[in-house]
Amino acid sequence: MGKVAVWIAENFSRALNYTGKLIRKDHPKLKTILLTDALHATLPCLNLLKMLNIGFILGVKPGSHEKLFGQMEKYIELNQMQVFIEEEEIGDKIKKKVIRQYCCWNGVLLNHQDTSMTVNFLDFTETTQWVNTKKELQEKIVHFSWITDYSLYESSCKTLARAGRTRWKIENETFNTLKNQGYEFEHNYGHGYKNLSTNLSLLMMLAFLIDELQEIGCKLFQKNLEKYGRRLAIWSRLQSAYFMLPFKINGYHELLKIILNPEEYVQAKNSS
């Protein structure tokens, strides 16, 4: 790993040590599973997780875990990997065939620095095939690999793969939204030396929470989201309405009504 990656891994270990001990102090018997990317699949982190009695599903990649994948290639060549395959048909208008392949091995060395530390390896490939309107065969392939401390067999492979893929749901539906949907979640919030960045991050998360609650329980917000498609489009219209409308606005609820049907609302105000 590069210097930056090593620095992140070391600081992650310190943070995990601190927060892990707090969790175990408050919840000594709580069953916990840590789900992270390949950057944290290191021996120091694994030893710390073992000490804290925290289970793990950690992503791994050939570039950062050469020894591990080298072992797996040998097992594949010797036809010693356990392989499970399942097929499913999905879709209504366009029928799609989904083929999921699980390859696993229990008790493999993460690297050769500590021969007492073994992990269980799961390699997952999902292939989706369908025929488009031009009668052409289309194919989409996604691939993931993880290490875990849970024993791998046919049913557990499917469960572990589903759990491992949830991290991408969090990445796409939370972090991607915070960064690209108007919340401006970036690494640098200015030059505050103590609490500025933390306070701004907390305010951003509070705004995100309020908007999540609106999307669940506010029919007016739901109608706006259905009309404009993205939250960012709603934010820009709210800002324009607030600064440009020539009459007083009676609260946020009225503002949502204005951007939902601006022409009707302006006509009503002018006629009154």
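An account of the accompanying structure is given in this report. (Residues numbered from 1 in each chain as written. Predicted model: local features only at pLDDT ≥ 70, side-chain atom pairs only at ≥ 80, totals over all residues. Heavy atoms only, no water.)

Bringing the overall build of the chain into the picture now. Looking only at helices and strands, the chain has 9 helices and 6 strands in total. For the chain, the proportion of contacts with a sequence separation of at least 24, taken over those separated by at least 6, is 51%. Accessible area for the chain stands at about 18,300 Å²; split by element, carbon and sulfur atoms hold 55% of it. (Helix = DSSP H or I, 4+ residues; strand = E, 2+ residues; numbered from the N terminus. Contact = heavy atoms within 4.5 Å. Areas by Shrake-Rupley, 256 points an atom, 1.4 Å probe, with all protein chains shown as cover.)

Attention now moves to the nonpolar core. For soluble globular proteins, the rule of thumb is that nonpolar side chains tend to be buried together. In terms of nonpolar packing, the biggest core is built from 25 residues, with Leu 46, Leu 68, Val 108, Phe 121 and Ile 147 touching the most fellow members. Taken together, the elements giving at least two residues each to this core come down to helix H2 (43-52), strand S2 (55-59), helix H3 (66-77), strand S4 (96-109) and strand S5 (118-131). Broken down by element, this core gets its largest block of residues, 5 residues, from H2. Those residues in contact with Leu 68, other than ones at most four positions away along the chain, are Val 60, Val 108, Leu 109, Leu 110, Phe 121 and Ile 147. Ranked by size, the runner-up nonpolar core spans 18 residues in total, among them Leu 225, Ala 233, Leu 238 and Ile 258. (Core = buried A, V, L, I, M, F, W, Y, C linked by side-chain atoms within 4.5 Å. Buried < 20%, exposed > 50% of the residue type's maximum accessible area, 1.4 Å probe, protein only.)

The backbone of Asn 53 shows a phi angle near 60°, a positive value even though the residue is not glycine. Relative to the elements of secondary structure, Asn 53 occurs in the loop between H2 and S2. Judged by relative accessible area, Asn 53 falls into the exposed class, the value being 58%. Of note, the phi angle at Asn 79 is positive, near 60°, even though the residue is not glycine. Take Asn 79: it is sitting in the loop between H3 and strand S3 (82-90).

Note: S3 against S4, 9 bridges, orientation antiparallel. Residue pairing for S4: Gln 82 is matched across the bridge by Cys 104. Linking S3 to S4, which pair antiparallel, is a turn of 5 residues; within it Gly 91 sits at a positive phi near 95°. (Pairing = 2+ DSSP bridges.)

Right, let's talk about the pattern of salt bridges for a bit. Inspection of the entire model under this criterion finds 8 salt bridges. Glu 86 is paired through a salt bridge with Lys 158; the nearest N and O atoms lie 3.5 Å apart. Taken together, the residues span a long stretch of sequence, with Glu 86 in strand S3 and Lys 158 in helix H4 (residues 154-180) at a distance of 72 residues. Exposure remark for Glu 86: the relative accessible area of 22% places this residue in the partly exposed category. (Salt bridge = Lys/Arg side-chain N within 4 Å of Asp/Glu carboxyl O.)

Turning our eyes to something else, we now look at the sheet that holds S5. Taken in spatial order, the 6 strands line up as S1-S2-S6-S5-S4-S3 in an open sheet, and their pairing is mixed. Edge positions in the open sheet fall to strand S1 (33-36) and S3, since each of these has one partner strand only. Neighbour-to-neighbour, the strand axes of the sheet open up by a mean angle of 20°, direction not taken into account. Bridging between S2 and strand S6 (residues 137-148) involves 3 bridges; their strand directions are antiparallel. Note on S6: the bridge partner recorded for Ile 57 is Thr 148. (Axes fitted to C-alpha atoms, helices over the stretch in contact; angles between N-to-C directions.)

Another aspect to go through is the side chain of Asp 211. In this fold, Asp 211 is placed in helix H5 (residues 196-217). Despite its burial, Asp 211 remains without a salt bridge, the nearest opposite charge being carried by Arg 231 at 4.8 Å. At 2.7 Å, the side chain of Asp 211 forms a polar contact with the side chain of Tyr 183. Those residues in contact with Asp 211 that sit more than four places away from it in its chain are Tyr 183, Phe 221, Arg 231 and Trp 235. (Lys, Arg positive; Asp, Glu negative; His and termini not counted. Polar contact = N/O pair within 3.5 Å; in protein donor to acceptor, adjacent residues only side chain to side chain.)

Right, let's get into the environment of Ile 54. For Ile 54, the location among the structural elements is in the loop between H2 and S2. Considering only alpha carbons, one finds Ile 54 and Leu 30, 24 residues apart in sequence, at a separation of 9.1 Å. Not counting residues within four places of it along the chain, the set of residues in contact with Ile 54 comprises Arg 24, Thr 32, Ile 33, Leu 34, Leu 49 and Asp 149.

Pairing of S4 with S5 involves 12 bridges; the strand directions are antiparallel. Looking across to S5, one finds that Trp 105 is bridged to Phe 121.

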